Amino acid sequence: MKHKTIIEPFRIKSVEPIYVTTEEEREDLLKKAHYNTFLLQSEHVIIDFLTDSGTSAMSAEQWAGIMRGDESYAGSKSWERMQNAVKNLTGMDYILPTHQGRAAERIIYGYLGGKGKTFISNTHFDTTRANIEFSGAEALDIAIDESNDTSLIHPFKGNINTQRLKDLILEKGAQNIGAVILTVTNNSGGGQPVSMKNTREVSDICKKHKVLFLLDCCRVAENAYFIKHREDGFENKTYEEIAQEMFSLTDGAVMSAKKDALVNMGGFLALRNKKIAQACTNLLIITEGFTTYGGLSGRDMEAIAIGLKEIFDPAYLRYRIKSTAYLGEHLHKMGVPVMMPIGGHAVYIDAKKLYDHIPVDQYPGQALACELYLKGGIRTVEIGSVMFGKYDENGKLIPASMELVRLAIPRRVYTQSHIEYVIETFQEILDYKQKVKGYKIVEEAKILRHFTAHFEKIN
Ligand SMILES: *Cc1c(COP(=O)(O)O)cnc(C)c1O
């Protein structure tokens, strides 16, 4: 018999209790956290959808690998295993281990960036943009137009606008382009996948103009799932083969292993070019560590090597993508405006549509993140004008193009009943949505303000 129900393809071996707070407690806790979900303590959260980064449950094999970790300063066996796993996946010669994705970003964009340089991406992730702008360079997002319409169904909404890419390279001058960065899946653009066809086109354009082409490959396995099931010609390839083909089109890759390598900490930079790799290695040694560990323990590297294999397990990927879609499609049916189609690692709510009575300079996304915590103890993050908004000379907000709230789903952590609980919470949120008020920012940092900003409710 062919079952309709897709089960979690694992058994639970170790558990972590959840403390169930009351709504009264949460009202107080939220106020103490200045209405910023990043400032809540995790023990006060019931379902933590803040991020899928570093929050995965490791497998019994990975925990066994932790014990096997070789902590030698130089040339450890664990590094050899991680290096082999990354080389096998990326096909690149130079692998630099880093303690997480942004460390690799700081190294490569610090080297390639600087004043007068332009970086072009489908959508730069927040730390990517921050590292590029910190170097003095500019970061331009040019996803296809379809990506801005949250209700439009398109199989590869993460694609880059290739015509715009060609125009920009000519306009800026190829020598001024730091790199073209394809983020797969497109995290800040709704976790939407990028097709192989689009990747190939970008690769051809970059080759023609001699521009460096990098993959931000945090979720390359989830992206491979979508390619296999949505793009012609990939039905009979394995997920790993699809990912390998994608890497083969690029000059380098940056990865936060905290996503699709199923670990709690780690990352790497992979490069084909020796000269760039040597320059980056010097920067690595200054701030991260020696070349055979970067900022990582031997045990971390061991877990990454194992995670990079496990992530391509077809049963895992099917469960992963289908369970995310289960949540998203239920919300969609209930009338919650969600970004369609559902992406790989998260469900994105269009808060501008849900709270159409709250103006963007009163942060409707922040309002929804607060309501989800208040009603369900569910922690999420605003991806809108709090995260990406800027001010003009007069201090007026230049809003982000979308006001989203992200429900990022940790890998192998929550069961279906947790998800049902989230769906129930949304039912209540819908019932009183007109009564919800906006927020104002009363304290903020210059860079990545969403992490630490303080808010107040507008009455
Ligand atoms: C998480 C992430 C990063 C940064 O990685 P960290 O490990 O959090 O430093 C970069 N790009 C994308 C697309 C990400 O999702």
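Remember, it's a predicted structure, so these values are computed and weren't measured experimentally. (Residues numbered from 1 in each chain as written. Predicted model: local features only at pLDDT ≥ 70, side-chain atom pairs only at ≥ 80, totals over all residues. Heavy atoms only, no water.)

1. Quick word on the environment of R230
Consideration 1: Within the fold, R230 resides in helix α8 (residues 220-230).
Consideration 2: When its relative accessible area of 33% is taken as the criterion, R230 is described as partly exposed.
Consideration 3: With 227 residues separating them in the primary sequence, R230 and H3 have C-alpha atoms 22 Å apart.
Consideration 4: Excluding residues that lie within four positions of it along the chain, R230 makes contacts with P155, F156, P193, P341 and I342.
Consideration 5: Among the polar contacts listed, one links the side chain of R230 to the backbone oxygen of P155, at a separation of 3.0 Å. (Helix = DSSP H or I, 4+ residues; strand = E, 2+ residues; numbered from the N terminus. Buried < 20%, exposed > 50% of the residue type's maximum accessible area, 1.4 Å probe, protein only. Contact = heavy atoms within 4.5 Å. Polar contact = N/O pair within 3.5 Å; in protein donor to acceptor, adjacent residues only side chain to side chain.)

2. What to know about empty space enclosed by the protein
Consideration 1: Throughout the structure, instances matching the rule amount to 1 cavity of 30 Å³ or more.
Consideration 2: A volume near 40 Å³ is recorded for the largest cavity.
Consideration 3: Taken together, N36, T37, F38, Q366, V381, E382, V386 and H450 make up the full set of residues lining the largest cavity.
Consideration 4: Residues that form the lining of the largest cavity fall into these classes: 3 nonpolar, 4 polar and 1 charged. (1 Å grid on protein atoms, 1.4 Å probe; cavity = no way out; pocket = protein on both sides within 12 Å on 5 of 7 lines; lining within 4 Å. Points joined across faces, edges and corners; volume = space filled by probe spheres on them. Nonpolar A, V, L, I, M, F, W, Y, C, P; charged D, E, K, R; others polar.)

3. Digging into the pattern of salt bridges
Should the charged atoms of two oppositely charged side chains come close, the side chains can pair.
Consideration 1: Tallying each qualifying case throughout the model produces 23 salt bridges.
Consideration 2: Close ionic contact of K375 with E23 constitutes a salt bridge, the shortest N to O distance being 2.7 Å. In this pair, K375 is assigned in helix α14 (residues 364-376) and E23 in helix α1 (residues 23-32), connecting sequence segments 352 residues apart.
Consideration 3: The partly exposed category is assigned to E23, whose relative accessible area is 27%.
Consideration 4: The residue R411 makes a salt bridge to D52 at a minimum N-O spacing of 2.8 Å. On the criterion of sequence distance, the pair formed by R411 in the loop between β14 (404-408) and α16 (416-431) and D52 in the loop between β1 (47-48) and α2 (60-68) is long-range, its members being 359 residues apart.
Consideration 5: Residues joined in a network through salt bridges with shared partners are D52, R219, E222, D260, R320 and R411. (Salt bridge = Lys/Arg side-chain N within 4 Å of Asp/Glu carboxyl O.)

4. A short note on the site of the ligand
Consideration 1: Around the ligand, the structure places 15 residues, and the nearest of them are R102, D216, R219, S256 and K259.
Consideration 2: With respect to the ligand, the side chain of Q100 contributes an N or O atom lying 2.8 Å from an oxygen atom.
Consideration 3: In the model, an oxygen atom of the ligand is placed 3.0 Å from a nitrogen or oxygen of the N187 side chain.
Consideration 4: Protein chains bury 98% of the 380 Å² of accessible surface belonging to the ligand in isolation.
Consideration 5: Mapped onto the shell around the ligand, the elements with two or more residues apiece are α4 (101-112) and α5 (126-134).
Consideration 6: No other element matches α4, which puts 3 residues into the shell around the ligand. (Near = heavy atom within 4 Å. Areas by Shrake-Rupley, 256 points an atom, 1.4 Å probe, with all protein chains shown as cover.)

5. Quick look at unusual backbone geometry
Consideration 1: In this model, V184 is joined to T185 through a cis peptide bond whose omega is -20 degrees.
Consideration 2: Mapped onto the secondary structure, T185 falls in the loop between β5 (177-183) and α7 (196-209).
Consideration 3: Of the consecutive residues M340 and P341, the connecting peptide bond is found in the cis state with omega at -15 degrees.
Consideration 4: By the secondary structure assignment, P341 is in the loop between α12 (314-334) and β9 (346-350).
Consideration 5: Positive phi, normally seen in glycine, also occurs at R412, with a value near 65 degrees.
Consideration 6: Mapping R412 onto the fold places it in the loop between β14 and α16.

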